[in-house]
Amino acid sequence: MKDVKGLKRVAIAGFGVVGRGLAKALVTKKDVLIKRAGDYRIAAICDSKGGIYSEEGVDVFEAIRIKEKEGRLPEELTVEDIIDRIDILFECTPTNVETGEPGLSHIKLALENGVDVITSNKGPLVVGYKELMKTAKKTGAKLMYEATVGGAMPIIKLVKNELAGNEVLSIKGILNGTCNYILSRMEQEKMPYSQILSEAQELGIAEADPTYDVEGIDAAAKLVILANSLMNSNATFSDVERTGISSITPEAFEIAAMKGYTIRLIAEATRDELRVSPRLVPFNSPLCVYGTLNAALIQTDLAGEVVVMGRGAGSSETASAMLSDFVELSRCGSK
Ligand SMILES: NC(=O)c1ccc[n+]([C@@H]2O[C@H](COP(=O)([O-])OP(=O)(O)OC[C@H]3O[C@@H](n4cnc5c(N)ncnc54)[C@H](OP(=O)(O)O)[C@@H]3O)[C@@H](O)[C@H]2O)c1
């Protein structure tokens, strides 16, 4: 697949917060990445309205300048148009947990064509994990998705690689930074939910429509991915029992604190259930984290309890996870 010089040709689908952060990191970290993953160039970038392609490699900073000025990339180009001219697709389009689209079609097409995929998009994995893995197995292409859960917090490859040989008995964690930020501030400042939410929206920590985060949808999607990929479950989104954080009051924190607890949105996967809900968390628990941090407690049969923590979202944090997949791909034999 690779071109005559042995360069890997990569493309980025989705040129928003994640796509742009990733593109910059692929340029600024090139010296280090070449040593670990081999040489590469960014052959194409697509957004929802167009794209940009260059056999010699796209000028990323020029593409960002155009995108920020014009609101779109200049050429009429879609992922379908460039799939036979690339070796690796970075898929960073918006998450849709109901249809998985547009990412599901992009990833299917790539895997069917033997193109490796690295994605930050939860939707395709929530909707079609087993099917995508089957396609990948058939064609020998790889599907990597560390960035879909926990941002920079390493959890998927940690379990698959460092804890290989263990059975994961349960995973319990804080998987949504926006909810954790709101709940942390409610705990510390005794302010009502609605006031903190508006401030979080002003700071860009919460979306204008925060439903995805505060109703636990984002955390539930991540839980399905963890259960299916690390616990060999066959879970769907509707299997998750889900309660959001919008009805929690500052008084609830006061009552909890008197007994040594705080309240956090906890996502938990066991053999028997998948649940996302606000739960009491002891102040001395590793899951009592503050701000936009994510944390997870992984219960295994051999290693016992393993705890991870890290920044759950953000442009450079998500790029960090995608680059770790990029390096891993070359270690496990990108085609
Ligand atoms: N932001 C984070 O911190 C973070 C962290 C982890 C995972 N994620 C996940 O990563 C993905 C990207 O997040 P984001 O924050 O970068 O979202 P975003 O800023 O909304 O960017 C999404 C990008 O996808 C493009 N797009 C939409 N439909 C497309 C299509 N059919 N073909 C090609 N491009 C298309 C959009 O194009 P236009 O620019 O033309 O609208 C936009 O450039 C999401 O699935 C998200 O859940 C995000």
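From N to C terminus, the protein includes 13 helices and twelve strands. In terms of overall size, the protein behaves like a compact globule, its C-alpha atoms giving a radius of gyration of 20 Å where 335 residues would be expected to give roughly 20 Å. Each of the three principal axes of the protein carries a C-alpha extent, and together these read 65 × 50 × 35 Å. In the protein, which comprises 335 residues, the proportion classed as buried is 45%. Put simply, of all contacts in the protein between residues at least 6 apart along the chain, 69% involve residues at least 24 apart.

Within the structure, the ligand sits among 26 residues, and G14, G16, V18, S48 and A313 are positioned closest to it. Here the shell around the ligand is composed, by residue class, of eleven nonpolar, eleven polar and four charged.

For the protein, the assigned domains read domain 1 (8–150 + 315–331) and domain 2 (160–311). Placing the centre of domain 1 and that of domain 2 at their C-alpha centroids yields a distance of 27 Å. Residue contributions to the side of domain 1 that touches domain 2 peak at five residues, all from helix 6 (residues 122–139). Of the residues that constitute the side of domain 1 that touches domain 2, the class distribution is six nonpolar, three polar and three charged.

Strand order in this open sheet of six strands is 8-10-9-7-11-12, and the pairing throughout is mixed. Of all strands in the sheet, those bounded by a partner on one side alone are strand 8 (240–242) and strand 12 (305–311). Ignoring which end each strand starts from, the neighbouring axes of this sheet average 30° apart. Two strands pair when backbone bridges link them, and strand 7 (residues 168–174) and strand 9 (residues 261–269) are joined in this way by three bridges, in the antiparallel orientation. Among the inter-strand pairings, G173 is bridged to a residue of strand 9, identified as A267.

A separate point is the environment of T270. With respect to the helices, strands and loops of the structure, T270 is situated in the loop between strand 9 and strand 10 (274–282). Taking the C-beta count within 10 Å as the criterion, T270 has 16 such neighbours and is therefore assigned partly exposed. Note: C-alpha distance between T270 and A227 (43 residues apart in sequence) is 8.2 Å.

For helix 11 (residues 217–230), with 14 residues, the first-to-last C-alpha span of 20 Å sits near the 20 Å given by 1.5 Å per residue. Once helix 11 finishes, N232 follows within two positions and takes phi at roughly 55°, a positive value.

Attention now goes to unusual backbone geometry. Cis geometry marks the peptide bond from E101 to P102, where omega comes out at 5°. Locating P102 in the fold gives a position in the loop between strand 4 (88–91) and helix 5 (103–112). Here N232, not a glycine, exhibits a phi torsion of approximately 55°, which is positive.

Attention now moves to the sheet that holds strand 5 (residues 116–119). The strand order 3-2-1-4-5-6 describes an open sheet built from six strands, whose pairing is mixed. Sheet topology places strand 3 (51–53) and strand 6 (143–144) at the edges, where each strand pairs with a single neighbour. Taken together, the six bridges between strand 1 (residues 8–13) and strand 2 (residues 40–46) define a ladder with parallel strand orientation. Residue pairing for strand 2: V10 is matched across the bridge by I42.

With that settled, the discussion passes to the pairing of strand 11 (residues 293–300). Relative to strand 11, strand 7 is paired through six bridges, and the arrangement is antiparallel. Bridge pairing links V168 to T300 in strand 11. Inspection of the sheet shows strand 11 paired to strand 12 by seven bridges, in the antiparallel sense. Its bridge partner lying in strand 12, Q299 is registered against E305. Remark: four residues form the turn of the hairpin made by strand 11 and strand 12, two consecutive strands paired antiparallel; G304 in that turn has positive phi of roughly 70°.

Before going further, it helps to examine the packing of helix 6 against helix 11. Two elements in contact, helix 6 and helix 11, have axes separated by 9 Å at closest approach and are oriented at 50°. With respect to helix 11, the axis of helix 6 lies oblique. Of the two possible hands of crossing, helix 6 and helix 11 adopt the one that is left-handed. Between helix 6, through K122, L125, V126 and Y129, and helix 11, the contact on the second element is made entirely by A221, K222, V224, I225, N228 and S229. A class-by-class count of the residues in the contact of helix 6 with helix 11 yields six nonpolar, two polar and two charged.

Cut-offs used in this document
Residues numbered from 1 in each chain as written. Predicted model: local features only at pLDDT ≥ 70, side-chain atom pairs only at ≥ 80, totals over all residues. Helix = DSSP H or I, 4+ residues; strand = E, 2+ residues; numbered from the N terminus. Rg over C-alpha atoms; globule rule 2.2 N^0.38 Å. Buried ≥ 20, exposed ≤ 12 C-beta atoms within 10 Å, placed from the backbone. Contact = placed C-beta atoms within 7 Å. Near = placed C-beta within 6 Å. Nonpolar A, V, L, I, M, F, W, Y, C, P; charged D, E, K, R; others polar. Domains from an automatic or database assignment. Pairing = 2+ DSSP bridges. Axes fitted to C-alpha atoms, helices over the stretch in contact; angles between N-to-C directions. Expected span 1.5 Å × (residues − 1). Parallel < 35°, antiparallel > 145°, perpendicular 65-115°, else oblique. Left-handed = near helix turned anticlockwise from the far one by under 90°.

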